Amino acid sequence: MRVVSIKNFKDDARVIVQLLQYHNKAYLQNIPSWNVQAGDIVICIAELRLGLLAQSCYAPGFSTLMANFFTTRSFSERKKYNDAWLMDYSRGTSLEMYARRMSDAFAGMTFTQACEFCYLRLKIVLVAIKTDSSDLATMPQVNPPPDCIAMVGSIGYFIADSTEEVERAMYYCALCHRDVDDPTQIKKCACQMEAEAHEDDELVKMVRGGAPPQQMTRARDDLYLEGKIWSFIRRYPTSPARSITEGQGESEPQLGVDPGSSIKRQPEKAQAQYDSTGMFHWCPGRPIESVLMSRQQAARAEFSGHIVICVISTPGSQIVGLHSFVLPLRSAVIKPEEIRDIVILSDHAFMRKEWQYILNLPRINIVRGTALNRADLRSVTLNTCKMCVILGAPSTGVQMVNVDNALIDKSVILATLNVRAMKFSEDEAVEMVSSQR
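Residues numbered from 1 in each chain as written. Predicted model: local features only at pLDDT ≥ 70, side-chain atom pairs only at ≥ 80, totals over all residues. Heavy atoms only, no water.

### Notes on the environment of threonine 184
1) Next: Examined against the element boundaries, threonine 184 turns out to sit in the loop between helix H7 (163-171) and helix H8 (190-208).
2) Next: For threonine 184, a relative accessible area of 39% translates into the label partly exposed. (Helix = DSSP H or I, 4+ residues; strand = E, 2+ residues; numbered from the N terminus. Buried < 20%, exposed > 50% of the residue type's maximum accessible area, 1.4 Å probe, protein only.)

This is the structure we're talking about:
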């Protein structure tokens, strides 16, 4: 309601909103004056947390790397470390992420050339770039294609120790700093001071000419952003063409498993279908009964290289938002042959509430059970999975009346200890090694 009041008072005001539940984003986006192009942003902590966990399934350690950028830690060279890797890790956790306007000397460079120049000459790391600084809705490009060329006014996203180090990329001049070997000597030069004085003269002329405030704001380049930038981990701005279909003539495989079948699962060669945005893999909606499996059915399926999601829940638990976790795992940037099966081990009554949000995402199977039962964990072939994620579904207020706050995560911790304590036979270990090759 506060957002509605702000937009009613000033409809062109830029608003950044933090939500607790991701499904509330639809209410904000339905506000008539909500404008993504003007920089209005919705941040959901729960959605961000699940998205980081999902990215770690394909790139282990990704969530830890991003968390280190979000937090600020100090590093002292006087402190002695027993291992070299621990010193390097502590040094890396002290670094932060900054965004700065890149100097005109970078214009015409490819992203690879700009990264090499920043690392060798300026002693900072360039990880992303935004070539169109005038469009606030455009997301930065992480590892852009080779045809991405830096232009005048491009915004660079850097990893550095302080803001003084990042300003080297903003103040570097090809004429004045070409022969400077010490990057600490790169400061604002006379060329840039002269350019800023000329810009101020142009702004004064616009004021005297009665130019509108919006035009004067665009004239002054105020995109010298500072602080930690973490919104760049959102989805890449590019995506395959919508409704692309590969493998014409092949039928879509059945996700359910015949209870009497003992045939080992074979790699699926299904049609590659995408949603209307072209950003995610898609499949026709199907009832939850078609993907439900018992413990025996899951054991016969013999999953391998899959992702196991253990949700500790009861039929009355609140939804955790699995939609936010599964979507990154079905991104269109992932090739169809590289998509991994997702096996959800949880209470089937609870999953009925979550299923309406993920029924159009392919290769998802639900196994009745709990991560507190080792027989259920063995049925999903935990020893051959690529990643195991354990989530706890929050209980309702009535169930938490007499529960100590220290015991809220009790089930998740016990399930984690249960997984870590599991042992497999030599034959299962050999199968695990061969499946990961």
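Text resumes after the structure shown.
### Here we look at the state of the cysteines
1) Next: Within the structure shown, the criterion is met by zero disulfides.
2) Next: Here cysteine 57 is not cross-linked by a disulfide; its sulfur's nearest cysteine counterpart is in cysteine 388, at 9.4 Å.
3) Next: Here cysteine 385 is not disulfide-linked; the sulfur of cysteine 388 is the nearest cysteine sulfur, at 5.6 Å. (Disulfide = S-S within 2.5 Å.)

### Brief notes about helix H6 (residues 111-122)
For an α-helix, the turn length of 3.6 residues means that residues three or four places apart are oriented alike.
1) Next: The end-to-end C-alpha separation of H6 is 15 Å, in line with the 16 Å expected for twelve residues at 1.5 Å each.
2) Next: Taken together, the buried positions of H6 are Phe111, Ala114, Cys115, Phe117, Cys118 and Leu122. One side of H6 holds all its buried residues, which, seen down the axis, span an arc of 165°. Exposed positions of H6 whose direction lies more than 90 degrees from the buried face are Thr112 and Tyr119.
3) Next: Considering only its buried residues, H6 is in contact with strand S4 (125-130), strand S6 (155-160) and H7.
4) Next: Just downstream of H6 lies lysine 123, where phi reads positive at about 60°. (Expected span 1.5 Å × (residues − 1). Arc of directions from axis to C-beta. Contact = heavy atoms within 4.5 Å.)

### A look at the pairing of strand S10 (residues 364-368)
1) Next: S10 sits mainly inside the fold: four of its five residues count as buried.
2) Next: Where strand S9 (residues 342-346) and S10 come together, five bridges link them in parallel fashion. By the bridge assignment for S10, valine 343 is matched with asparagine 365.
3) Next: This β-α-β element, S9 to helix H12 (residues 348-358) to S10, shows right-handed connectivity. (Pairing = 2+ DSSP bridges. Right-handed = clockwise from strand over helix to strand, strands pointing away.)

### Observations regarding H12
1) Next: Buried residues of H12: Phe350, Met351, Glu354, Trp355 and Ile358, and no others. Looking straight down H12, one finds its buried side chains confined to an arc of 140°; they lie on one side.
2) Next: Residue aspartate 347 occupies the N-cap position of H12, its side-chain oxygen lying 3.1 Å from the main-chain nitrogen of alanine 349. (Polar contact = N/O pair within 3.5 Å; in protein donor to acceptor, adjacent residues only side chain to side chain.)

### Some details on the confidence of the model for the protein chain
1) Next: For the protein chain, the mean per-residue pLDDT works out to 78, and 77% of the residues sit at or above 70.
2) Next: Contacts for the low-pLDDT stretch residues 213-268, under 50 throughout, to residues beyond four places or in other chains number 120 contacts. (pLDDT = per-residue confidence, 0-100.)

### Observations regarding the environment of phenylalanine 62
1) Next: Topologically, phenylalanine 62 is positioned in helix H4 (residues 62-70).
2) Next: Residue classification places phenylalanine 62 among the partly exposed residues on the basis of a relative accessible area of 23%.
3) Next: When the C-alpha positions of phenylalanine 62 and leucine 52 are compared, they lie 7.1 Å apart, and in sequence the two are ten residues distant.

### Here's the deal with the sheet that holds S4
1) Next: One open sheet accounts for four strands, arranged S3-S6-S4-S5; its pairing is antiparallel. Edge positions in the open sheet fall to strand S3 (96-101) and strand S5 (141-142), since each of these has one partner strand only.
2) Next: Of the pairings in the sheet, the one linking S4 to S6 comprises five bridges and is antiparallel in character. Residue pairing across strands places isoleucine 129 opposite glycine 156, the latter belonging to S6.
3) Next: Sitting on the sheet, H6 is in contact with S4 and S6, with an inclination near 145° to S4. (Axes fitted to C-alpha atoms, helices over the stretch in contact; angles between N-to-C directions.)

### Overview of the nonpolar core
1) Next: If you look at the biggest cluster of nonpolar residues, it comprises 28 residues, and the most contacted ones within it are Ile309, Leu322, Phe325, Ile344, Met351, Ile364 and Ile366.
2) Next: Where this core is concerned, the elements lending two or more residues are helix H3 (45-58), strand S8 (307-312), helix H11 (322-329), S9, H12, S10 and strand S11 (387-392).
3) Next: Each residue touching isoleucine 344, except ones within four places of it in the same chain, is listed here: Ile309, Val311, Leu322, Met351, Ile358, Ile364, Asn365, Ile366 and Val367.
4) Next: Counting 22 residues, the second-largest nonpolar core is a separate cluster that includes Met109, Leu122, Val166 and Ala169. (Core = buried A, V, L, I, M, F, W, Y, C linked by side-chain atoms within 4.5 Å.)

### Structural notes on the pattern of salt bridges
1) Next: Under the defined criterion, the tally for this structure stands at six salt bridges.
2) Next: Aspartate 104 is the salt-bridge partner of arginine 101, the closest N and O atoms lying 3.4 Å from each other.
3) Next: By relative accessible area, which is 15% here, arginine 101 ends up buried.
4) Next: Looking at aspartate 104, the relative accessible area reads 46%, which means it is partly exposed. (Salt bridge = Lys/Arg side-chain N within 4 Å of Asp/Glu carboxyl O.)

### Comments concerning the packing of aromatic side chains
1) Next: For the coordinates displayed, the defined rule picks out three aromatic pairs.
2) Next: Aromatic pair phenylalanine 117 and tyrosine 172: ring centres 5.0 Å apart, planes at 70°, arrangement edge-to-face. Placement of phenylalanine 117 in helix H6 and of tyrosine 172 in the loop between H7 and H8 is noted, with a sequence separation of 55 residues between them.
3) Next: Take phenylalanine 117: its relative accessible area is 14%, and that puts it in the buried class.
4) Next: The exposure class of tyrosine 172 is buried, given its relative accessible area of 8%. (Phe/Tyr/Trp six-rings, centres within 6.5 Å; stacked < 30°, edge-to-face > 60°.)

### Description of the sheet that holds S11
1) Next: Spatial strand order, S7-S10-S9-S8-S11: five strands in an open sheet with parallel pairing. Both edges of this open sheet fall to strand S7 (292-293) and S11, since each of them pairs with a single strand only.

### Side note on the environment of isoleucine 31
1) Next: With respect to the secondary-structure elements, isoleucine 31 resides in the loop between helix H2 (25-29) and strand S2 (41-44).
2) Next: A relative accessible area of 12% means that isoleucine 31 is categorised as buried.
3) Next: Setting aside anything within four residues of it in sequence, one finds isoleucine 31 in contact with Val3, Val4 and Lys7.

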